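# Report on the structure
Next come the chains, spelled out residue by residue.
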Amino acid sequence: MEPLVQGKGPLFTDPDPDRARRIFRKKDRTQTNKVMNLKKAIESYVHDGEYLAIGGFGANRTPVAACHEIVRQGRKKMGFVGHTATHDMQILSAGEVYDRIDVAYIIGLEARGLSTCSRKYMESGKVKVTEWTNYSLTMRLKAAAMGVPFLPTRNLMGTDTFAHSAAKIVQCPYTEKKLVALPALYPDIAVIHVHEADIYGNARFKGISVSDIDLANASKRLIITTERLIHTDEIKRDPTSTRIPYFLVDAVCEVPYGAYPGTMPYEYFSDEDHLKEWLRKEKDPDAFKFFLKENIYDCSTHEEYIKKNGGTQKILDLRAKELLLFSEVR
Amino acid sequence: MEPLVQGKGPLFTDPDPDRARRIFRKKDRTQTNKVMNLKKAIESYVHDGEYLAIGGFGANRTPVAACHEIVRQGRKKMGFVGHTATHDMQILSAGEVYDRIDVAYIIGLEARGLSTCSRKYMESGKVKVTEWTNYSLTMRLKAAAMGVPFLPTRNLMGTDTFAHSAAKIVQCPYTEKKLVALPALYPDIAVIHVHEADIYGNARFKGISVSDIDLANASKRLIITTERLIHTDEIKRDPTSTRIPYFLVDAVCEVPYGAYPGTMPYEYFSDEDHLKEWLRKEKDPDAFKFFLKENIYDCSTHEEYIKKNGGTQKILDLRAKELLLFSEVR
Amino acid sequence: MTEYNSMELMISVAARELKNGSAVGVGTGAPCAAAMLAQKVGAPNLVIVFEAGGVSPELPEMPISVGDSRTFHKAALAGSMGDIMEYCARGFVDYTFLGGAQIDMYGNLNSTVIGDHAAPKVRFPGSGGANDFASFCWKTLVMTPQNTRRFVEKLDFLTTPGWLQGGDSREKSGLPEGTGPHKIITDMAVMDFEPESKRMRIISLHPGHSLKDVQENCGFELLKADSIEDTLPPTKEELSVLREEVDPYRYVIGR
Amino acid sequence: MTEYNSMELMISVAARELKNGSAVGVGTGAPCAAAMLAQKVGAPNLVIVFEAGGVSPELPEMPISVGDSRTFHKAALAGSMGDIMEYCARGFVDYTFLGGAQIDMYGNLNSTVIGDHAAPKVRFPGSGGANDFASFCWKTLVMTPQNTRRFVEKLDFLTTPGWLQGGDSREKSGLPEGTGPHKIITDMAVMDFEPESKRMRIISLHPGHSLKDVQENCGFELLKADSIEDTLPPTKEELSVLREEVDPYRYVIGR
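Everything numeric here is computed off the predicted structure, so don't read it as measured data.

If you tally the helices and strands in chain A, you get 14 helices and twelve strands. On C-alpha atoms alone, chain A measures out to a radius of gyration of 20 Å, which is about the 20 Å that the 2.2 N^0.38 rule sets for 330 residues. Projected onto its principal axes, the C-alpha positions of chain A cover 60 × 50 × 40 Å. The contacts in chain A between residues at least 6 apart in sequence include a share of 76% that link residues at least 24 apart. With the model as given, the accessible surface of chain A reaches about 10,400 Å², and the carbon-plus-sulfur share is 50%. Looking at chain A, you have 48 positive and 44 negative side-chain charges, and the mean spots of the two groups are 3 Å apart.

In structure tokens, the structure reads:
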């Protein structure tokens, strides 16, 4: 299967399924209590130089508390998968946590505008970049989840996005069509935020799954942050609702409002004022430095961060904005 | 991507994604009432010579009523995907509905023993056979669902199962490992049985999904049989639970106990006595002919079939055997 | 005649492209507004899909993110990005709406960098789902204000495929057959693509704009259709629905 | 000493192979009984997965089908066949238990046909998930009664991979590294595979059976380990759990 053409971007991770199998083989399958605080989980499972993935979709069901903790603990030189990376990337850029990135969507916060901080960092020359697309990165995670070194797709072809990717174009052995072969992406560590998890790591969430199922399967290590712990009996009562089974999970952290200031579907909507403040403060380096000190470095927990930004009343206001809770009564 | 080796089995379906795209493009996306009786649905959407797929897992959440109707209407010369085909295949074999089959698991009814009827038909020389495995067929459906002509896997290699498949072995452009390229499988028509569906075809079920999500996506036409209709508002209240969105669906048939004598999880367990009777009757051609007349050809509906085998009381007994309903009280 | 601004015009014109009973993959902002307007004016059975997993929602208001909880509000399905892209890859999605920092005469789009990729003058978000949608959906629609900075002879970076180098180059590239850019809707005109060369071609002029304006605000030579229409301005109904139901806070249509 | 039959012995011996904190992919019948017995005797944290989608259930009784509702009773996850096979393909599943109509000296299995594939004397079910499990899971275990019809020099059809032609042929075939047949448990003995040649080798004899019996009931020459153990018969605990909790109706262990 000689590639016809190949992208010139660097491949930051090893697509070899046999090497990944040796690591997954060692993962403990016993049901043990994996509950720990977020500080401990990040200390234990997120290390300098490793390749990091953040679940959710930018500012939706995103483990924001974990991103803050990673920055607070000063992780550096990490690889990062910029798969619709919006507010999560904005936080990690502020901490200059990563020095190489697989890009699908970065810098922007969608309709909210662009992050000055992320953009400056991306334009600083400190970051190695390989270009992809949202679906390409989803498929790369799916390839890893499936234990194969690549998956074929029909996007990317004919573009500079391909030319700056690490993908290869191959010919289909059945139809002779050209296909893009996307190399498997096994992150060293992923963090995913969910609605409910038990102490063993059986996790579930409501609403869109984005790429989190494949991400959970593809990652060598996995930290679950959850709005609340539930009893294992509740998992066993309804195993259809389980999205992530316990043996994929290394740590379970109960972090109420862990996606704030992003949206947690069925729980609370995003704090648009605070997100605007982020975007505004980024424009003035000194103000931003102080803003980060206030909101990240001087906070020991996510709760402190929320307190500084309105506390319980703010959360109640954001719950009232979450139409999946309130739409009927409007 | 020159294949290194290839299986010598016939490929019964076209893996070309562009030809499939032209068909999917024509499918109506409007929300229209697709409710019709099973007779009408099979008449309208299942035709001689086409390639048929049956959802569920042999005798679990299997559209048995639809299999009976297909036999009753005398469909012939169909292709069939023998993906854990157990009681469904037993019914279709009795009608000699298919003359070519992609085999993963056939003839057997798992712990219950082997079907004499299916075996005789498979040994009759009337059926063309290509060998696969359960996962291979799942991946072939997933390839079709993904709109690509093949997917790579790491099973099959080194075996006669491969030699008698229509798969090809290729070399990975990243790792140089050998991989099996499995050709996409687009069935002409599939029937899937679910717990709940609305009139447009939005469908959901509880418990294992086997390969039904990929099957629903891969099939050019799709009939949903459902234990009960529910209002669209209920679908929209909880879109996380939707397994099959309406625009994939051509017909919705409300068929209570439509999986009988198989298991419908959370509803009723399999009628093991009746399934044993099937296996027993098959051994005596005359007795079996009469049994089929009684239970299929002389029944105009699935309800009649159930009445002949114990009716409501039988169903209540089978519900009592369904531990997902009753386990707590045992 | 009713007053309207150019964004209201673009959205109204775009909405008319979306046929009832078809499916469209959209992002936030103007494309979403156009799809919502279409649903409320003549295309009630237009299926909207969002790349993050929302399928056929009843949008209570404009989403801020293609993954926020509005995108699966009263939806048929809250699925995955894989689900959505598989629908597109299989040919279930008829249209997508895209934009970009630069567009060329073949409808190729740049949303990645200005300057050299290795050391960009300006770094943009990148493809996101745009390259995927433009590769898989049957017809790509582009809505963008028109000027010589945006409409360029040569893109700094080809992020998202249009007709590539024109002619049959797109089909030869390996992208799915029969897909490609359909219409470009600017604040001055509507363009399509000449069937053979696949070069951008003016087919309709918005009120108050001349062929000369349009060409002067474009960095490459535009072809002209044999007969060039006058763009129908937004109707009273389009405007009232757009202003009162689709974008009451005028996030997109502005003040 | 307690009475027991050969099926009870095989299941007890098989159960001892399953270490706590590991995962096993099983079918119905004896393999499932062995996994259930292991869970109740020393391996409470053995994860059982069923190919149809059930993950880590609390089995209330023996399933009739690997997809029936027992297989996800109080499970951690009721998933898909893809989920299960992906766990296996990624290396999460340590063992699988298989059987077949024929087995050869390299642990290859036939469950497809007797006679010519084009016109078989006997047609069997085929691979099902066996080829998948044997390709992906780290260690394949086989439980089967032993006789010269089953243990053959040459398979009529190689359905499921063992060590293929022995030596390094399995690894060369492209199957995942480090996988392959581990032990064969018959009604007479336990065999493993000689590390170099990958040929079947007797390592333990069940009570009342001699090397001679075992060889006479095998269609190919068996290697013999340097020291051959005596198989520990089922313990009182194994028997009582097997009879009272795992298979009270004696579906598998018989009467």
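Between chain A and chain C, the contact holds 54 residues from the first and 51 residues from the second. Summed over both partners, the interface of chain A with chain C comes to about 4,100 Å²; 58% of that surface belongs to carbon and sulfur atoms. Ranking the residues of chain A by area buried against chain C places Tyr135(A), Arg154(A) and Ile208(A) at the top, with a combined share of 16%. Along the contact surface separating chain A from chain C lie three salt bridges. Note that Glu177(C) is salt-bridged to Lys177(A), the shortest N-O span being 3.4 Å. The tally of links from chain A across to chain C stands at 28 residue pairs in polar contact (both at pLDDT 80 or more). Listed by contribution, the elements that provide at least two residues to the side of chain A that touches chain C are helix 5 (116-122), strand 5 (128-131), helix 6 (134-146), helix 7 (160-163) and helix 14 (323-326) of chain A. Per-element tally for the side of chain A that touches chain C: the top contributor is helix 6 of chain A, with four residues. Its residues assigned to classes, the side of chain A that touches chain C shows 21 nonpolar, 19 polar and 14 charged.

Our next topic: the pattern of salt bridges. Summed over all chains, the structure comprises 86 salt bridges over all chains. Lys27(A) is the salt-bridge partner of Asp250(A), the closest N and O atoms lying 2.9 Å from each other. With a gap of 223 residues between them, Asp250(A) in the loop between helix 9 (232-237) and strand 12 (251-254) and Lys27(A) in the loop between helix 1 (17-26) and helix 2 (38-45) connect regions that are remote in the sequence. Across the salt bridge formed by Lys142(B) and Asp214(B), the nearest N and O atoms sit 3.1 Å from each other. One end of the pair, Lys142(B), is in helix 6 (residues 134-146); the other, Asp214(B), is in helix 8 (residues 212-218), with 72 residues separating them in the sequence. For Asp214(B), a relative accessible area of 10% puts it in the buried group. Counted as one network, the salt bridges with shared partners bring together Asp14(A), Asp16(A), Asp18(A), Arg19(A), Arg22(A), Arg154(B), Lys177(B) and Glu177(D).

All right, on to the sheet that holds strand 1 (residues 5-6) of chain B then. The strands that make up a sheet pair up through hydrogen bonds in the backbone, lying either parallel or antiparallel. All names here are of chain B. Strands sit in the order 1-7-8-6 across an open sheet of four strands; the sheet is antiparallel. The strands lining the two open edges of the sheet, one partner per strand, are strand 1 and strand 6 (150-153). Strands in contact with helix 6 are strand 6 and strand 8 (178-183); relative to strand 6, the strand with the most contacts, it is inclined by about 140°.

So, about the pairing of strand 11 (residues 221-229) of chain A. Residues and elements named next belong to chain A. Most of strand 11 is tucked away, with seven of its nine residues classed as buried. Relative to strand 11, strand 9 (residues 189-197) runs parallel, the two sharing eight bridges. Bridge assignment links Ala190 to a residue of strand 11, and that residue is Leu222. Looking at chain direction, strand 11 and strand 12 are connected through four bridges and run parallel. Each bridged residue has a counterpart across the sheet, and for Thr226 the counterpart in strand 12 is Glu254.

Attention now moves to unusual backbone geometry. Here the amide bond leading from Tyr260(A) into Pro261(A) is cis, since omega sits at 10°, within 30 degrees of zero. One non-glycine residue, Glu110(A), lies in the positive phi region at around 55°. Among the structural elements, Glu110(A) can be located in the loop between strand 4 (98-103) and helix 5. The class of Glu110(A) is buried, set by a relative accessible area of 17%. Despite not being glycine, Ser56(C) has its phi angle at roughly 55°, a positive value. Inspection of the secondary structure puts Ser56(C) in the loop between strand 3 (54-55) and strand 4 (77-78).

Chain B puts 25 residues into the contact, and the matching count from chain C is 29 residues. Between chain B and chain C, a total of about 2,500 Å² is buried, with carbon and sulfur atoms accounting for 53% of that surface. Among the residues chain B hides against chain C, the three largest losses belong to Arg21(B), Arg29(B) and Lys236(B). Together they make up 31% of the total. Applying the counting criterion to the chain B and chain C interface returns three salt bridges. For the salt bridge of Arg29(B) with Asp94(C), the shortest nitrogen-to-oxygen distance reads 3.3 Å. For the side of chain B that touches chain C, the elements supplying multiple residues, two or more each, are helix 1 (17-26), helix 6 and helix 9 (232-237) of chain B. Element by element, the count of residues in the side of chain B that touches chain C is highest for helix 1 of chain B, at five residues.

Turning our attention to the packing of helix 6 of chain B against helix 3 (residues 81-89) of chain D. Running from N to C, helix 6 of chain B and helix 3 of chain D cross one another at 115°; their axes reach a closest spacing of 10 Å. Crossing handedness for the pair helix 6 of chain B and helix 3 of chain D: left-handed. For the pair helix 6 of chain B and helix 3 of chain D, contact is made by Asn134(B), Tyr135(B) and Thr138(B) and by Met81(D), Gly82(D), Met85(D) and Glu86(D), respectively. Along the lines of polarity and charge, the residues of the contact of helix 6 of chain B with helix 3 of chain D split into three nonpolar, three polar and one charged.

With respect to the secondary-structure elements, Thr159(D) resides in the loop between strand 10 (139-143) and helix 5 (169-173). A relative accessible area of 0% places Thr159(D) in the buried class. In contact with Thr159(D), not counting residues within four places along its chain, are Thr159(B), Thr161(B), Leu109(D), Asn110(D), Ser111(D), Thr112(D), Gly126(D), Ser127(D) and Asn131(D).

Next up on the list: the sheet that holds strand 8 (residues 178-183) of chain A. Residue and element names in this part refer to chain A. Spatially, 1-7-8-6 is the arrangement adopted by the four strands of the open sheet, whose pairing is antiparallel. The sheet terminates laterally at strand 1 (5-6) and strand 6 (150-153), the two strands that pair on one side only. Sheet topology note: the strand 6/strand 8 ladder contains four bridges and is antiparallel. Opposite Thr153, over in strand 8, you have Val180 as the bridge partner.

With that out of the way, let us pick up the environment of Ile169(A). All names here are of chain A. Residue position: Ile169 is located in strand 7 (residues 168-171). Residues Ile169 and Gly207 lie 38 residues apart in sequence; the distance between their C-alpha atoms is 35 Å. If near-sequence neighbours (up to four positions away) are discounted, Ile169 is found in contact with Pro3, Leu4, Val5, Met157, Phe162, Lys178, Leu179 and Val180.

What counts and how
- Residues numbered from 1 in each chain as written.
- Chains lettered and ligands numbered in written order.
- Predicted model: local features only at pLDDT ≥ 70, side-chain atom pairs only at ≥ 80, totals over all residues.
- Heavy atoms only, no water.
- Helix = DSSP H or I, 4+ residues; strand = E, 2+ residues; numbered from the N terminus.
- Rg over C-alpha atoms; globule rule 2.2 N^0.38 Å.
- Contact = heavy atoms within 4.5 Å.
- Areas by Shrake-Rupley, 256 points an atom, 1.4 Å probe, with all protein chains shown as cover.
- Lys, Arg positive; Asp, Glu negative; His and termini not counted.
- Charge placed at Lys NZ, Arg CZ, Asp CG, Glu CD.
- Buried area = accessible area lost by both parts, 1.4 Å probe.
- Salt bridge = Lys/Arg side-chain N within 4 Å of Asp/Glu carboxyl O.
- Polar contact = N/O pair within 3.5 Å; in protein donor to acceptor, adjacent residues only side chain to side chain.
- Nonpolar A, V, L, I, M, F, W, Y, C, P; charged D, E, K, R; others polar.
- Buried < 20%, exposed > 50% of the residue type's maximum accessible area, 1.4 Å probe, protein only.
- Pairing = 2+ DSSP bridges.
- Axes fitted to C-alpha atoms, helices over the stretch in contact; angles between N-to-C directions.
- Left-handed = near helix turned anticlockwise from the far one by under 90°.

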